[in-house]
Amino acid sequence: QVQLVESGGGLVQAGGSLRLSCAASGSIFTINAMGWYRQTPGKQRDLVATITKAGSTNYADSVKGRFTISRDYAKNTLYLQMNSLKPEDTAVYYCNAVKRGSPYWGQGTQVTVSS
């Protein structure tokens, strides 16, 4: 079992920055990959960014150059640095981890970007 707890969401003006954190229980060394997804009401949950155990990253085209995913093994924490935020980035952001082929999700954190 893996438990994920997100934090760092909030209200920010367009052009501002936020950093999301996802604290994972247990050692994230045994997790194959982690990532961030986001969802708005009535829409599917979309990939924002992922990072593999080897450190390879992947980003949605809409956030490339603005968001950076990273992880800290010592703190068992995943991060998402979000810069140059836009109103269309408004969503609930979810942390995801894949361990032995099974996905795990956090409870989500709301990010609201005002214009």
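The structure under discussion appears in the preceding block.
Here we summarise the structure given alongside this text. Quick caveat, the model's predicted, so the values are computed rather than measured. Position numbers for residues count from 1 along each chain, tracking the sequence in the order it is written. A pLDDT threshold of at least 70 governs which residues receive local features in this predicted model, and a stricter bar of 80 or more applies before side-chain atom pairs are shown or counted, although totals over entire chains, interfaces and linings include all residues. As a rule here, side-chain values come from all non-hydrogen atoms in the structure, and water together with hydrogens is ignored.

## Points about the pattern of salt bridges
Turning to step 1, where the next piece is worked out: Salt bridge, as used here: a side-chain nitrogen of Lys or Arg that lies within 4 Å of a carboxyl oxygen of Asp or Glu. Applying the stated criterion across every chain, the model contains three salt bridges.
Turning to step 2, where the next piece is worked out: Notably, a salt bridge pairs aspartate 61 with lysine 64, separated by 3.1 Å at the nearest N-O pair.
Turning to step 3, where the next piece is worked out: Ionic pairing is found between aspartate 89 and arginine 66, a salt bridge with its closest N-O pair at 2.8 Å. With a gap of 23 residues between them, aspartate 89 in the loop between β8 (77–82) and β9 (91–99) and arginine 66 in the loop between β6 (57–59) and β7 (67–72) connect regions that are remote in the sequence. Just as aspartate 89 is buried, arginine 66 falls in that class too.
Turning to step 4, where the next piece is worked out: A single network of salt bridges, built from pairs that share partners, joins Arg38, Arg66 and Asp89. Helix and strand definitions follow DSSP, with helices as H or I runs of at least four residues and strands as E runs of at least two, each counted in order from the N terminus. Residue burial is assigned from relative accessible area. The probe radius is 1.4 Å, only protein chains are included, and a residue is buried under 20% of its type maximum, exposed over 50%, and partly exposed in between.

## Some details on the sheet that holds strand β1 (residues 4–7)
Turning to step 1, where the next piece is worked out: Pairing is antiparallel across the open sheet formed by four strands, whose spatial order is β1-β3-β8-β7. Across the chains shown, the open sheet's two edge strands, defined by having one partner strand only, are β1 and β7. With direction set aside, neighbouring strand axes in the sheet form an average angle of 15°.
Turning to step 2, where the next piece is worked out: Strand pairing is assigned whenever DSSP detects at least two bridges linking the two strands. Of the strand pairs in this sheet, β7 and β8 are connected by six bridges, and their pairing is antiparallel. In the sheet register, isoleucine 69 faces β8, and the bridge partner there is leucine 80. Inter-axis angles, ranging from 0 to 180 degrees, are taken between N-to-C directions of lines fitted to C-alpha atoms, where helices are fitted over the stretch in contact.

## Regarding the packing of aromatic side chains
Turning to step 1, where the next piece is worked out: Any two rings among Phe, Tyr and Trp, with Trp reduced to its six-membered ring, count as a pair given centres within 6.5 Å; such a pair is stacked if its planes are under 30 degrees apart, edge-to-face if over 60, and tilted if neither. Evaluation of the coordinates by the stated rule reveals one aromatic pair.
Turning to step 2, where the next piece is worked out: Aromatic side chains tyrosine 37 and tryptophan 105 sit 5.1 Å apart centroid to centroid with 75° between the ring planes, which places their arrangement in the edge-to-face category. Remark: tryptophan 105 occurs in strand β10 (residues 102–105) and tyrosine 37 occurs in strand β4 (residues 33–39); sequence separation between them is 68 residues.
Turning to step 3, where the next piece is worked out: Only lysine NZ and arginine CZ atoms are considered, and such an atom sits over a ring when it is within 6 Å of the ring centre and within 35 degrees of the ring normal. Sitting over the face of the ring of tyrosine 94, arginine 45 holds its NZ or CZ atom 3.6 Å from the ring centroid.

## Topic: the state of the cysteines
Turning to step 1, where the next piece is worked out: By definition, disulfides here are pairs of cysteine sulfur atoms that lie within 2.5 Å. Evaluation of the coordinates by the stated rule reveals one disulfide.
Turning to step 2, where the next piece is worked out: Between cysteine 22 and cysteine 95 runs a disulfide, and the two sulfur atoms are separated by 2.1 Å. The sign of the S-S torsion, about -80°, decides the handedness of the disulfide formed by cysteine 22 and cysteine 95: left-handed. Placement of cysteine 22 in strand β3 (residues 18–24) and of cysteine 95 in strand β9 is noted, with a sequence separation of 73 residues between them.
Turning to step 3, where the next piece is worked out: What makes cysteine 95 buried here is its relative accessible area of 0%.

Function cannot be inferred from these measures alone, as they are strictly geometric.
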